Amino acid sequence: MHEKEKYTYPPMCYDDNGGPTYTSHTSPASDTRRALCIVPPFSIIPVILVPGFMGSNLKVIKEVKSVKNMGAGTMFWQPDNLNVLKELSKLTGAKRQQVFDPANTAVAARGADTISSAFFGPFRTDKTGRYGEDVLAMEVYKNWQKEFARRGWDTLYQKSYLNILSQLEYQLNHIYWGKDYLQHWQELLRNQGQKDWGALKGFSALQPQQLRQAAEWWYPVHAAGYNWLQSTRKSGMDLAERIKGIIQHYSGMGYDCRQVILVTHSQGGLVARAACHPQIGGAEKQVLGIVQGEAPTLGAPLVYKRMRAGHESLPGLISFFAGNLKAEILGESAAEMTPVLANAPGALELLPTKNY
């Protein structure tokens, strides 16, 4: 009998605090395999994804009396919900300004059941035993949905971010099995140096022993949605508090958790910088590193064009959602768009600086 066939592997699930749990069922007497639980490492480095502009779901705090069906707590910005977006597109510029009020909006969680199991692809094909032999079991999916909602996955625009969240969760916590590196890491080691166009200088190639060392940590992946209408400074302070809370949570469970890693997209890069700034968030010592993607360090000149020309509803434009809803909601002209963008510090802070 092959070594792996000596055991069954109960899928790793989570308790209400995010700690690993396992359930093993009785089997016929003829099945002599032992249940083997693959427990994650005791040391934890949480990975926190900070999304870009418009990438977080938002709700109104107090009722917007001038807008129908906009009572306190109404979730008005859900890029994954076309019906909600269509209702927004019907509002005038003045009413949209009242809805998109930075002082009366906050991040909204859509709920665990909205985290689509379609994005659990990496776990479906898992061969390591970490997530068990029957990872398609509905109770397992429900458990994962609840845990990932606890980590904030349901606060982000799913079609943009859920796939990368699930890939990070799977690959960072599946580095090797037995004596073999898993396929995605084998390919990374094998392909290093083959495609060096645009490669960053000053970095040495990843070594197998470094992967072994990295596998000694557990990397639970969190999402930090933020109110992209408010100032980056305020969002940075909120992120710093989130970082502190996550570290305290795992430390309180008895894990060795001291720092986090931030993975950012677009405006999220500015929020992360604000979180680490000693005079804003002051979280630098709690951040082990930041991986930035498309951070508008010196500003985004496209904002100038939007202020002057609006958001063109041209076919083929890369959009957050189907059709031309993005243009219809934010405004197809300067007169329609300015009431929203000019009232949002977060958007204005994306304008290019003098260093651009």
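Please read all numbers here as calculations on a predicted model, not as lab measurements.

Draft legend 1. Quick peek at the overall build of the chain. When its secondary structure is counted, the chain shows 13 helices and 16 strands. Counting every position in the chain, which comprises 356 residues, the buried fraction comes to 44%. Within the chain, contacts between residues at least 6 apart in sequence are counted, and of these 75% link residues at least 24 apart. When the accessible area of the chain is evaluated, it comes to approximately 18700 Å², of which 53% is carbon and sulfur surface.

Draft legend 2. Region of the structure containing the sheet that holds strand 12 (residues 217-218). One open sheet holds the 3 strands; their spatial order is 12-5-14, and the pairing between them is parallel. On the outer flanks of this sheet lie strand 12 and strand 14 (256-257), each paired with one strand and no other. Bridge analysis of strand 5 (residues 43-44) against strand 12 gives 2 bridges, and the strand direction is parallel. If you follow Ser-43 over to strand 12, its bridge partner there is Trp-217.

Draft legend 3. Molecular detail of the sheet that holds strand 15 (residues 260-265). Spatial strand order, 13-6-15-16: 4 strands in an open sheet with parallel pairing. Two strands bound the open sheet, and with one partner strand each, they are strand 13 (221-223) and strand 16 (287-293). Averaged over all pairs of adjacent strands, the angle between their axes in this sheet comes to 20°, without regard to strand direction. In terms of strand pairing, strand 15 meets strand 16 through 6 bridges, oriented parallel. Following the sheet pairing, His-265 is matched in strand 16 by Gly-293. Most of the contacts of helix 5 (residues 158-172) go to strand 13, to which it runs at about 160°, and overall it touches strand 6 (47-50), strand 13 and strand 15. Its contacts with the sheet place helix 9 (residues 267-276) against strand 6, strand 15 and strand 16, and it is angled at close to 145° to strand 15.

Draft legend 4. Fine view of the packing of aromatic side chains. Per the counting criterion, the structure on display carries 11 aromatic pairs. Aromatic side chains Phe-148 and Trp-153 sit 4.0 Å apart centroid to centroid with 5° between the ring planes, which places their arrangement in the stacked category. Under the relative-accessibility criterion, Trp-153 is labelled buried at 1%. With centroids separated by 5.7 Å and ring planes inclined at 65°, the aromatic side chains of Trp-218 and Tyr-255 adopt a geometry described as edge-to-face. Residue Trp-218 is found in strand 12, and its partner Tyr-255 is found in the loop between helix 8 (232-252) and strand 14; the two are separated by 37 residues along the sequence. Take Trp-218 and Tyr-255: they sit in the same class, and that class is buried. What links up through ring pairs into an aromatic cluster is the set Phe-53, Phe-76, Trp-77, Phe-100 and Trp-228. Looking at Arg-151, its charged tip hangs above the ring of Tyr-14, at a distance of 5.3 Å from the centre.

The rules behind each value
Residues numbered from 1 in each chain as written. Predicted model: local features only at pLDDT ≥ 70, side-chain atom pairs only at ≥ 80, totals over all residues. Heavy atoms only, no water. Helix = DSSP H or I, 4+ residues; strand = E, 2+ residues; numbered from the N terminus. Buried < 20%, exposed > 50% of the residue type's maximum accessible area, 1.4 Å probe, protein only. Contact = heavy atoms within 4.5 Å. Areas by Shrake-Rupley, 256 points an atom, 1.4 Å probe, with all protein chains shown as cover. Pairing = 2+ DSSP bridges. Axes fitted to C-alpha atoms, helices over the stretch in contact; angles between N-to-C directions. Phe/Tyr/Trp six-rings, centres within 6.5 Å; stacked < 30°, edge-to-face > 60°. Lys NZ or Arg CZ within 6 Å of the ring centre and 35° of its normal.

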